[in-house]
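Here are the chains, one letter per residue:
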Amino acid sequence: MTTLTKAPAEPRDRRTGFALPGPYRAVLRQHRTPLWIAFGLLVLGAAALAADRIWVAHAADVFTATDCVIRHTTPECGGEVRGYLDAEFQFDRNLDYAGMAVLVLPCLIGAFVAGPIVAKELESGTYTWAWTQSSTPARWLAARLAVCAAFTVTGVTLFTAVQRWAWTTGPELEYVRGSWYERAMYGSLGTVAVGYALLGLAVGALAGILLRRTLPAMGAAAAVMGASVVLLPLARVHLWATDTVTSSNRNPAEIPDSAYEVERGMLTADGSRVPKSLCLDWSDKYQQCLADHRITGWYTDFHPSSHFWPLQFVETGIVLALAAAATYAAFLLLRRRAA
């Protein structure tokens, strides 16, 4: 009797779903601790801001139920008034702190990518192992940038979304809330936050490849991004056409409370613009100055709050173009040095 034997079946791979390619998985495994810590801090910051927004709304409801008023209050309401104003003040400060943190974030991202992600491996020589494992220099750099970009875009988008929700939906405050055009608010309420974060990533990669030393690369990337965050917004008001109001009398026309005044000056009889400093209203010769220069009215150029998103999108596009240029330069420089 012949016994038929079957060869053991090959084990099936039960893993299904998406799996990261090798170079990307290696970057995530190598730098998982700082990446997840940074992402966790952004999530915790967003959660703290959301909790503060909920708390100040609760404090407003509780205060409204007491029938107390802030102005001309009575001694019996002193504790309730102080408690509510303290909650308002802390909420307003936290919005400012969150906005300032978003402004600093591109500098930190640039320093991190320049140092631990790129320059450290080039300085220590560990990159040679990756380049000999069927991974080209371009793929090596692309993996690092892609992993960092995924964490950056996700974390910054979440944080800015919560910041905008807290800023736009919070209760009316006795303290004046930061205006949309203030630098900390503007930079944390829209798309420019992601743009500058990605610019920091690209500048960090370029600095790391260019200098190939960890600390100098980190310092250079942070310095370049610090200058970018300070200088690029100076051109912000010119990225979209302003609205203009004029007055035919000798008093400036009013603009909406939420508008950002760009320029104000005087108009002559022929429609020419002259600076408002030409005739100083506190001078004894103010009226004579107006007559001598044939001043007939005033003009005011301003950005209404409806210009927020057009300004955001134009600036984001410019910043992303700079990020693309820096990224291209990083890949080009890496290819030349690896040749």
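Since the structure is predicted, the reported quantities are computational estimates derived from the model, not experimental observations.

> I keep staring at the overall build of the protein chain and nothing clicks. Help me out?
From N to C terminus, the protein chain includes 10 helices and 4 strands. Its helices and strands taken in sequence order, the protein chain reads α-α-α-α-α-α-α-α-β-β-β-α-β-α from the N to the C terminus. When each of the 339 residues of the protein chain is scored for burial, the buried share is 40%. Considering only contacts within the protein chain whose residues lie at least 6 apart along the sequence, 81% involve residues at least 24 apart. With an accessible surface of roughly 19,400 Å², the protein chain has 62% of that area assigned to carbon and sulfur atoms.

> Please clarify how the sheet that holds strand β2 (residues 260-268) should be interpreted in this entry.
In space, the 4 strands of this open sheet follow the order β1-β4-β2-β3, with antiparallel pairing throughout. Looking at strand neighbours, the two that pair on one side only are β1 (243-247) and β3 (273-275), the edges of this open sheet. On average, adjacent strands in this sheet sit at an angle of 35° to one another, irrespective of strand direction. In the sheet, β2 pairs with β3 via 3 bridges, with the strands oriented antiparallel. Note that in β3 the partner of G265 across the bridge is P275.

> Help me out: how do you make sense of the state of the cysteines in this one?
In protein structure, a disulfide is the covalent linkage between the sulfur atoms of two cysteines. One pass over the full model with this rule turns up 2 disulfides. Between the sulfur atoms of C68 and its disulfide partner C77 the distance amounts to 2.1 Å. One disulfide, between C68 and C77, carries an S-S torsion of -70° and so falls in the left-handed class. Look at C68 and you get buried, because its relative accessible area is 12%. On the accessibility criterion, C77 (11% relative accessible area) is buried. Between the sulfur of C279 and that of C289 lies a disulfide, 1.9 Å long from S to S. Residues C279 and C289 share a disulfide whose torsion about the S-S bond is about -75°; that sign makes it left-handed. Of the two residues, C279 is situated in the loop between β3 and α9 (286-292) and C289 in helix α9; the sequence distance between them amounts to 10 residues. Just as C279 is buried, C289 falls in that class too.

> Teacher, can you tell me more about the pattern of salt bridges here?
Where side chains of opposite charge bring their charged atoms close, a pairing between them can arise. By the definition in use, this model includes 4 salt bridges. One salt bridge in this structure joins E121 and R144, with 2.7 Å as the shortest N-O distance. On the criterion of sequence distance, the pair formed by E121 in helix α3 (residues 78-124) and R144 in helix α5 (residues 137-169) is long-range, its members being 23 residues apart. A relative accessible area of 4% means that E121 is categorised as buried.

> Please explain the nonpolar core as it appears in this structure.
Side chains of nonpolar character tend, in soluble globular proteins, to be buried together. Counting residues in each nonpolar core, the largest one holds 70 residues, and the members touching the most others are L95, V113, V118, L141, L199 and I209. Secondary structure elements with two or more residues in this core: α2 (32-65), α3, α5, α6 (183-186), α7 (192-211), α8 (214-231) and α10 (308-338). Counting residues per element, this core draws most heavily on α3, at 17 residues. Excluding its chain neighbours within four sequence positions, the residues that come into contact with V113 are V118, L145, C148, L201, G204 and A205.

> Just to check I follow, could you spell out α10 for this structure?
One full turn of an α-helix is made of 3.6 residues, so residues set three or four places apart face in the same direction. Along its 31 residues, α10 runs 45 Å from first to last C-alpha, staying within 8% of the 45 Å computed at 1.5 Å per residue. Within the span of α10, buried status applies to F308, L311, Q312, E315, T316, V319, A323, A326, A330, L333 and L334.

> In this structure, what is going on with the pairing of strand β4 (residues 295-303)? I would like to understand it.
Within a regular strand, the side chains alternate between the two sheet faces. Counting buried residues along β4, 8 of its 9 residues qualify, which places the element largely inside the surrounding structure. In the sheet, β1 pairs with β4 via 5 bridges, with the strands oriented antiparallel. The partner of T246 across the bridge, within β4, is Y299. Note that β2 and β4 share 8 bridges and pair antiparallel. Within β4, the residue paired with G265 across the bridge is Y299.

> Help me understand the environment of A325, please; the structure alone is not making it clear to me.
Here A325 lies in helix α10. Take A325: its relative accessible area is 45%, and that puts it in the partly exposed class. Residues A325 and A202, 123 residues apart in the sequence, show an inter-C-alpha distance of 8.5 Å.

Reading the values: the criteria
- Residues numbered from 1 in each chain as written.
- Predicted model: local features only at pLDDT ≥ 70, side-chain atom pairs only at ≥ 80, totals over all residues.
- Heavy atoms only, no water.
- Helix = DSSP H or I, 4+ residues; strand = E, 2+ residues; numbered from the N terminus.
- Buried < 20%, exposed > 50% of the residue type's maximum accessible area, 1.4 Å probe, protein only.
- Contact = heavy atoms within 4.5 Å.
- Areas by Shrake-Rupley, 256 points an atom, 1.4 Å probe, with all protein chains shown as cover.
- Pairing = 2+ DSSP bridges.
- Axes fitted to C-alpha atoms, helices over the stretch in contact; angles between N-to-C directions.
- Disulfide = S-S within 2.5 Å.
- Salt bridge = Lys/Arg side-chain N within 4 Å of Asp/Glu carboxyl O.
- Core = buried A, V, L, I, M, F, W, Y, C linked by side-chain atoms within 4.5 Å.
- Expected span 1.5 Å × (residues − 1).

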